[in-house]
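# Examination of the molecular architecture
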Amino acid sequence: MRENAPPADRSARAERIAARTRSSNWRKPPRRIETTECITCDSCLRGCPEEFGAIVDRGLDVVIIPELCSGCPACVLECPVDCIYVDEDWSPSDDSLWNLVEFPAGTP
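Moving on, we get to the overall build of the protein chain. If you tally the helices and strands in the protein chain, you get four helices and four strands. Start at the N end of the protein chain and walk to the C end: the helices and strands fall as α-β-α-β-β-α-β-α. Relative to its 108 residues, the protein chain shows a buried fraction of 42%. Of the contacts formed within the protein chain by residues at least 6 apart in sequence, a portion of 74% connects residues at least 24 apart.

Structural data, given as structure tokens:
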């Protein structure tokens, strides 16, 4: 996550990470990346708004942490191969994904 995000944005993201839950204010379902279609260009990772920081690099692929994804279309607009979809049936992320998530700078 870029360090120039406002402190409130960093704090809200840090709270979602600590609780491992989505914001109750988010009405849209999270997004998901279809790894069989993804070319791992990382455009989506760079395009994800810093207040969410929902996309992480998992080595050979990138994935969206649904608890951090607001459902906005920013990553979809960046993807050159259209491999990002709405994930109506998302399930909670396991520890292996949470271990890839970085807390924002300036948070405890």
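Having seen the structure, we can now continue with the description.
For the structure on display, the rule yields three salt bridges. In this structure, Asp 95 engages Arg 20 in a salt bridge whose closest nitrogen and oxygen atoms are separated by 2.6 Å. With a gap of 75 residues between them, Asp 95 in helix α4 (residues 95–98) and Arg 20 in the loop between α1 (7–19) and β1 (31–33) connect regions that are remote in the sequence. Relative accessible area serves as the criterion here: at 38%, Arg 20 is assigned to the partly exposed category. Note that Arg 58 is salt-bridged to Asp 61, the shortest N-O span being 3.1 Å. Judged by relative accessible area, which is 41%, Arg 58 ranks as partly exposed. Residue classification places Asp 61 among the buried residues on the basis of a relative accessible area of 16%.

Rules and cut-offs
- The residue count restarts for each chain, going from 1 along the sequence in the order it is written.
- Residues qualify for local features only when their pLDDT is at least 70, as the model is predicted, and side-chain atom pairs are given and counted only at 80 or more; totals for whole chains, interfaces and linings, by contrast, use all residues.
- Hydrogens and waters are ignored; side-chain quantities use all the structure's heavy atoms.
- Secondary structure elements are taken from DSSP: a helix is a run of H or I of four residues or more, a strand is a run of E of two residues or more, and numbering for both begins at the N terminus.
- Burial status follows relative accessibility: with a 1.4 Å probe on protein chains alone, a residue under 20% of its type maximum counts as buried, one over 50% as exposed, and anything between as partly exposed.
- The criterion used for residue contact is that any of the two residues' heavy atoms lie within 4.5 Å.
- The working definition used for a salt bridge is a side-chain nitrogen of Lys or Arg within 4 Å of a carboxyl oxygen of Asp or Glu.

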